[in-house]
Amino acid sequence: WVDVELLPDELQRSGVIELLSHGVLKDSHPEHPDAFGKGEADAGSGKRFGDMTAEEKKRIRDNKKRAQRSAKNAGAPNGGKGVQWRPAKCGNLTTGLEMRDAYEEALGRPVPLTTKTKSFADAIDWIFLSPRLVPIAVLELPYELDATEDMEMIPSATFPSDHLALAADLSLTPQGSAAPYR
């Protein structure tokens, strides 16, 4: 298990992948709803107030007025003035799932990329495994894990899809046993 905060930016996993593979998305993860716009005027959009459109500014003002009216109706001192509206916090998100990536388990690290264009190169495909599945082998990637810059852009004549193929031979572990069926 790898703590996202300890990884360099380029290796931080998407929030969805963290949630699926570890069963939890910490509220400190950059893609967690509580982290959007930290330190900004609007925690929901991540934009500074000065960079917002007139409609976005109106929404912020309306939310603040609603919060003040609610506080006033609840008997808040000062008629609700000075009450600040803040979106509700989710805290850590959990699924109860603890899926594993077949390639990470087989190779000892996540796949660096499954697509590469002029402007984007990243892993966008995975093979997720439930706890009883064990990867026996995975399809070899067309690049060295530490040399992704050598991978050609795709699609290409060699790789006609915009996604690299992933495949895994899997074995099912009997329930209550550590040894997989072969």
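Residues numbered from 1 in each chain as written. Predicted model: local features only at pLDDT ≥ 70, side-chain atom pairs only at ≥ 80, totals over all residues. Heavy atoms only, no water.

## Remarks on a negative patch on the surface
On the surface, Glu140, Glu144, Glu149 and Asp150 cluster together into a patch of negative charge. Looking at where Glu144 falls in the secondary structure, it is placed in the loop between strand 7 (133–138) and strand 8 (168–172). Residue classification places Glu144 among the exposed residues on the basis of a relative accessible area of 61%. (Patch = residues over 30% accessible without salt bridge, like charges linked within 9 Å, V, L, I, M, F, W, Y side chains within 5 Å. Areas by Shrake-Rupley, 256 points an atom, 1.4 Å probe, with all protein chains shown as cover. Salt bridge = Lys/Arg side-chain N within 4 Å of Asp/Glu carboxyl O. Lys, Arg positive; Asp, Glu negative; His and termini not counted. Charge placed at Lys NZ, Arg CZ, Asp CG, Glu CD. Helix = DSSP H or I, 4+ residues; strand = E, 2+ residues; numbered from the N terminus. Buried < 20%, exposed > 50% of the residue type's maximum accessible area, 1.4 Å probe, protein only.)

## Focus: the nonpolar core
Of all hydrophobic cores here, the largest spans 11 residues; its members are Ala102, Tyr103, Val111, Leu113, Ile127, Leu129, Leu141, Tyr143, Met151, Ile154 and Leu164. Apart from the residues lying within four places of it in its own chain, the contact partners of Val111 are Tyr103, Ala123, Leu141 and Tyr143. (Core = buried A, V, L, I, M, F, W, Y, C linked by side-chain atoms within 4.5 Å. Contact = heavy atoms within 4.5 Å.)

## A short note on helix 1 (residues 15–22)
Residues of helix 1 that are buried: Gly15, Ile17, Glu18, Ser21 and His22. Angularly, the buried residues of helix 1 cover 160° about the axis, an arc narrow enough to put them on a single face. Buried residues in helix 1 make contact with strand 1 (24–25) and strand 6 (128–129). Gly23 sits one or two residues past helix 1 and shows a positive phi near 75°. (Arc of directions from axis to C-beta.)

## Some thoughts on unusual backbone geometry
The amide bond that connects Ile154 to the next residue, Pro155, takes the cis arrangement and shows omega of 5°. In this structure, Pro155 sits in the loop between strand 7 and strand 8.

## Concerning the confidence of the model for the protein chain
Across the protein chain, pLDDT averages 76, with 64% of residues at or above 70. For the stretch residues 7–11, pLDDT sits under 50, and the model shows 2 contacts to residues farther than four places along the chain or on other chains. A low-confidence stretch, residues 38–43 stays under pLDDT 50, and its non-local contacts, those more than four residues away or across chains, total 15 contacts. (pLDDT = per-residue confidence, 0-100.)

## Regarding the environment of Ile136
Summarising the element assignment, Ile136 is placed in strand 7. A residue is classified by how much of its surface remains accessible, and Ile136, at 42% relative accessible area, is partly exposed. On a C-alpha basis, the gap between Ile136 and Glu105 in space is 9.8 Å, while along the polypeptide they are 31 residues apart.

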